[in-house]
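Each chain, written out:
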Amino acid sequence: MNKALRKAVIAGNWKMNKTRPEAKELVEAIKPLVADAGCEVVACVPFTNLETVLEAVKGSNIKVGAENCHFEKSGAFTGEISADMLAEMGVEYVIIGHSERRQYFGETDETVNKRTRAALAAGLKVILCVGEMLADRENGITDELVAMQTKIALKGVSAEELKNVIIAYEPVWAIGTGKTATAEQANEVCAVIRATIEKLYGKEAADGITIQYGGSMNAKNAAELVAQPDVDGGLIGGASLKAPDFAAIVEAATRG
Ligand code: PEP
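The structure reproduced in this document is the subject of the present report. (Residues numbered from 1 in each chain as written. Predicted model: local features only at pLDDT ≥ 70, side-chain atom pairs only at ≥ 80, totals over all residues. Heavy atoms only, no water.)

### A look at the site of the ligand
Item 1. As a structural note, the neighbourhood of the ligand is formed by 14 residues, with K15, E170, G176, S216 and G238 the closest of them.
Item 2. At a separation of 2.8 Å, an oxygen atom of the ligand approaches a polar backbone atom of G238.
Item 3. Burial of the ligand by the protein chains amounts to 96% of its free accessible area of 290 Å².
Item 4. Residue composition of the shell around the ligand, by class: 4 nonpolar, 8 polar and 2 charged. (Near = heavy atom within 4 Å. Polar contact = N/O pair within 3.5 Å; in protein donor to acceptor, adjacent residues only side chain to side chain. Areas by Shrake-Rupley, 256 points an atom, 1.4 Å probe, with all protein chains shown as cover. Nonpolar A, V, L, I, M, F, W, Y, C, P; charged D, E, K, R; others polar.)

This is the structure in structure tokens:
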């Protein structure tokens, strides 16, 4: 597989952090540090910060994403935000199927599929999260599980639409725990995802799709992870909240 055929993407997932003034301060600190990035840089932020961050990134190379969206276009879904609402604001990316949504908010592979299709239909780029729990890894079913999550999430997604999908492999046991998958483990599962894409969409699509690793990636371990042949950048939680750490990860992805 040829890494040069695809774009590395470093995306921050701010989760439920930062008030609007804090969000502005963080983006302003990140901007100069990533101005020469050789990879795509994305900040996925809480809904309440979108307008502030969209304004703050104007004229910079930072793209803005949301952390979720609903699958219906509009209607009686109190507390939800539609993909059209995000697209209309100028948001470019949306994270779908993050393990915290699956664990705490009843997200299933089926609703991940619906949200993915809704986001793509609205013209958003999707960062689709898949990954196994520790028990799945211990039971030796990581590859099958991640392939299944990928397959169900992409049901009904055309080859053309797939060009707007990034897949983030995020082992649940590594998220926010400080336990990182080894570079070999990360690469192995990213390769399984790529092979799944090849079966579904063919070699060209598999060679072209960006597959990130996520799970306690930080300024120290990023270089080894993003240097793996099937790892095209990262989805970053905790370390995306500190400008120098996030910038160091961007720098590692720039070096490749
Ligand atoms: C995430 O939330 O997607 C994530 C990878 O978090 P952390 O980097 O904190 O493990």
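### Details of the side chain of E107
Item 1. Here E107 lies in the loop between helix 4 (99–104) and helix 5 (109–121).
Item 2. Within polar-contact distance, the side chain of E107 engages the side chain of T111 at 2.5 Å.
Item 3. A polar side-chain atom of E107 sits 2.7 Å from a polar atom in the side chain of R115.
Item 4. With residues up to four places along the chain from it excluded, the contact list for E107 reads N68, G97, R101, R102, V112 and R115. (Helix = DSSP H or I, 4+ residues; strand = E, 2+ residues; numbered from the N terminus. Contact = heavy atoms within 4.5 Å.)

### Digging into the environment of A174
Item 1. If you trace the backbone, A174 turns up in the loop between strand 6 (165–169) and helix 9 (183–201).
Item 2. Considered as a pair, A174 and G214 are 40 residues apart in the sequence and their alpha carbons are 7.9 Å apart.

### Quick notes on the pattern of salt bridges
Item 1. Tallied over the entire structure, the rule returns 17 salt bridges.
Item 2. Between R6 and D232 there is a salt bridge; the shortest N-O distance is 2.8 Å. Placement of R6 in the segment before strand 1 (9–13) and of D232 in the loop between helix 11 (222–226) and strand 8 (233–236) is noted, with a sequence separation of 226 residues between them. Just as R6 is buried, D232 falls in that class too.
Item 3. When the shortest N-O distance is used, the salt bridge between R194 and D230 registers 2.5 Å. Here R194 is found in helix 9, whereas its partner D230 is found in the loop between helix 11 and strand 8, with 36 residues between them in sequence. Each member of the pair R194 and D230 is classed as buried.
Item 4. When salt bridges that share partners are traced, they join R6, R194, D230 and D232 into one network. (Salt bridge = Lys/Arg side-chain N within 4 Å of Asp/Glu carboxyl O. Buried < 20%, exposed > 50% of the residue type's maximum accessible area, 1.4 Å probe, protein only.)

### Some remarks on the pairing of strand 3 (residues 62–66)
Item 1. Most of strand 3 is tucked away: 4 of the 5 residues are buried.
Item 2. Examined bridge by bridge, strand 2 (residues 40–44) and strand 3 share 4 bridges and lie parallel to one another. Bridge pairing in strand 3 links V42 to K63.
Item 3. For the segment spanning strand 2, helix 2 (residues 50–56) and strand 3, crossover handedness is right-handed.
Item 4. Here 2 bridges tie strand 3 to strand 4 (residues 93–96), and the two strands are oriented parallel to one another. Residue pairing for strand 4: A66 is matched across the bridge by V94. (Pairing = 2+ DSSP bridges. Right-handed = clockwise from strand over helix to strand, strands pointing away.)

### Regarding the layout of surface pockets
Item 1. A volume near 450 Å³ is recorded for the largest pocket.
Item 2. Along its surface, the largest pocket is lined by 13 residues, and K15, M16, E67, R101 and F105 are the ones closest to its centre.
Item 3. With 3 residues, helix 4 is the largest single contributor of residues to the lining of the largest pocket.
Item 4. Class assignment of the residues belonging to the lining of the largest pocket gives a composition of 5 nonpolar, 4 polar and 4 charged.
Item 5. Considering only enclosed or pocket space, the second largest pocket measures out at about 320 Å³ in volume.
Item 6. Taken together, 14 residues form the lining of the second largest pocket, with L162, K163, A205, G208 and I209 sitting closest to its centre.
Item 7. Here the element with the most residues in the lining of the second largest pocket is helix 10 (residues 203–208); it accounts for 3 residues. (1 Å grid on protein atoms, 1.4 Å probe; cavity = no way out; pocket = protein on both sides within 12 Å on 5 of 7 lines; lining within 4 Å. Points joined across faces, edges and corners; volume = space filled by probe spheres on them.)

### Section: helix 9
Item 1. Counted at 1.5 Å a residue, the expected span for helix 9 with its 19 residues is 27 Å, and the 26 Å between its end C-alpha atoms agrees.
Item 2. For helix 9, the full list of buried residues reads A183, A186, N187, V189, C190, V192, I193, R194, T196, I197 and Y201.
Item 3. Downstream of helix 9 by one or two residues, G202 has phi in the positive range, about 100 degrees. (Expected span 1.5 Å × (residues − 1).)

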